[in-house]
Amino acid sequence: MRIASYNINGVKARIGALTRWLEAEKPDVVVLQEIKSVDEAFPREAIEDLGYNVETHGQKSFNGVAILSRSPMEDVTRGLPGDEEDEQARWIEATVVGPKDALRVCGLYLPNGNPAPGPKYDYKLAWMERLRTRARALLAAEEPALMAGDYNIIPQAEDAAKPEAWAEDALFLPASRAAFRRIETLGFTDAYRALNPGPGAYTFWDYQAGAWQKNNGIRIDHILLTPQAADRLTACGIDRDERDKEKPSDHVPIWCDLDI
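Okay, the state of the cysteines next. By the definition in use, this model includes zero disulfides. Between Cys236, a free cysteine, and Cys256, which holds the nearest cysteine sulfur, the sulfur-to-sulfur gap is 5.6 Å. By relative accessible area, Cys236 is classed as buried at 9%.

Structure, rendered in structure tokens:
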């Protein structure tokens, strides 16, 4: 089963890029971020016509996440637990049944947090603490599960072409990286790093200042696997070439293959 994460940066603006990639790569499950659409306006027919079931958690003009799956989805839930007053659409999860086993798929769009310090950064760190609580519950279930999406975290210096340029940014501040590490060290495996050590792998290039042309990128889209999912990991990659196609998102898809 191939599971991919893709920050599409506006699904209606980039439906052509999305459907072209879906037709070419045929992933089994996709978690989308920044759909920037309410549920009713999501262009589901174009995706359903390609053989996908669609579940969304949308928000007008901002945020928004979705799961696309070739297999039926069960037990779909929306919103990260822990704060009933949080109205931002940043979390969705569902169970997908593969040929061999079931997989709990969690899609997330973690807050950016800039400017830092400030209330947006406080929200980011508080959201990450809620994520840690949910992560512990996933581990306690002792079942194959993953948390995939745009984490807005640069985990290490090697995950940025120019780490010094991000020193004061919320994506790379020590407190942000420490919060990510506290989640990972609960017992999760970074799917990409498990199979692809070393620098030079990025999932985001800004639209500004020729970042793509200069390969001035960062790796902020991640797939974290529970031990039961990590045991099934066979491959993980980044579809880098999508950034060079017509009307691209500023992110590219990251994917992993699990023997599920």
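Once the structure has been displayed, the description carries forward.
Let's shift gears to the packing of aromatic side chains. Scanning all chains against the criterion turns up five aromatic pairs. Measuring from centroid to centroid gives 5.6 Å for Tyr151 and Phe180, while their planes differ by 90°, and the two rings are edge-to-face. A residue pair is termed long-range when its members are at least 10 positions apart, and Tyr151 in the loop between strand E8 (145-150) and helix H4 (174-184) and Phe180 in helix H4 qualify at 29 residues. Of the two residues examined, Tyr151 and Phe180, each falls in the buried class. Relative to Trp212, the ring of Trp205 lies with its centre 4.8 Å away and its plane at 90°, an arrangement referred to as edge-to-face.

Counting along an α-helix, one turn takes 3.6 residues, and residues three or four places apart therefore face a common direction. Between its terminal C-alpha atoms helix H3 (residues 119-140) stretches 32 Å, which fits the 32 Å expected from 22 residues at 1.5 Å a residue. Restricting attention to buried positions, one finds in H3 the residues Tyr121, Lys124, Trp127, Met128, Arg130, Leu131, Ala135, Leu138 and Leu139. Contacts from the buried residues of H3 go to strand E6 (91-97), strand E7 (102-109), E8, H4 and helix H6 (227-230). Glu142, located one to two residues past H3, shows a positive phi value of around 55°.

Another aspect to go through is the sheet that holds strand E5 (residues 73-78). Reading across the sheet, the six strands line up as E5-E6-E7-E8-E10-E9 and stay open at both edges, with mixed pairing between neighbours. Strand pairing shows two members of the sheet lacking a second neighbour, E5 and strand E9 (189-190), which therefore form its edges. The sheet contact formed by E8 and strand E10 (residues 221-225) spans five bridges and is antiparallel. Each bridged residue has a counterpart across the sheet, and for Leu146 the counterpart in E10 is Leu225. With respect to the sheet, H3 is in contact with E6, E7 and E8, its orientation differing from that of E7 by roughly 180°.

Judged by pairing direction, the sheet is mixed, and its six strands sit side by side in the order E3-E4-E2-E1-E12-E11 without closing on themselves. At either end of the open sheet lies a strand with only one pairing partner, and these are strand E3 (53-57) and strand E11 (233-238). The sheet shows a mean angle of 15° between the axes of neighbouring strands, taken without regard to direction. In this structure, strand E1 (residues 2-7) lies alongside strand E2 (residues 29-33), joined through five bridges in parallel fashion. Across the sheet, Asn7 pairs through a bridge with Gln33, a residue of E2.

There is a patch of like negative charges on the surface, built from Asp83, Glu84, Glu85 and Glu87. The class of Asp83 is partly exposed, set by a relative accessible area of 33%.

We now examine the packing of H3 against H4. Between H3 and H4, the least distance of the axes is 9 Å, while the angle of their chain directions is 10°. Between H3 and H4, the interaxial angle falls into the category roughly parallel. On H4, the residues touching Tyr121, Lys124, Leu125, Met128, Leu131, Arg132 and Ala135 of H3 are Ala175, Ser176, Ala179, Phe180, Arg182 and Ile183. Across the contact of H3 with H4, the residue classes tally to nine nonpolar, one polar and three charged.

What counts, and at which threshold
- Residues numbered from 1 in each chain as written.
- Predicted model: local features only at pLDDT ≥ 70, side-chain atom pairs only at ≥ 80, totals over all residues.
- Heavy atoms only, no water.
- Disulfide = S-S within 2.5 Å.
- Buried < 20%, exposed > 50% of the residue type's maximum accessible area, 1.4 Å probe, protein only.
- Phe/Tyr/Trp six-rings, centres within 6.5 Å; stacked < 30°, edge-to-face > 60°.
- Helix = DSSP H or I, 4+ residues; strand = E, 2+ residues; numbered from the N terminus.
- Expected span 1.5 Å × (residues − 1).
- Contact = heavy atoms within 4.5 Å.
- Pairing = 2+ DSSP bridges.
- Axes fitted to C-alpha atoms, helices over the stretch in contact; angles between N-to-C directions.
- Patch = residues over 30% accessible without salt bridge, like charges linked within 9 Å, V, L, I, M, F, W, Y side chains within 5 Å.
- Areas by Shrake-Rupley, 256 points an atom, 1.4 Å probe, with all protein chains shown as cover.
- Salt bridge = Lys/Arg side-chain N within 4 Å of Asp/Glu carboxyl O.
- Lys, Arg positive; Asp, Glu negative; His and termini not counted.
- Charge placed at Lys NZ, Arg CZ, Asp CG, Glu CD.
- Parallel < 35°, antiparallel > 145°, perpendicular 65-115°, else oblique.
- Nonpolar A, V, L, I, M, F, W, Y, C, P; charged D, E, K, R; others polar.

So yeah, pure geometry; function would need other evidence.
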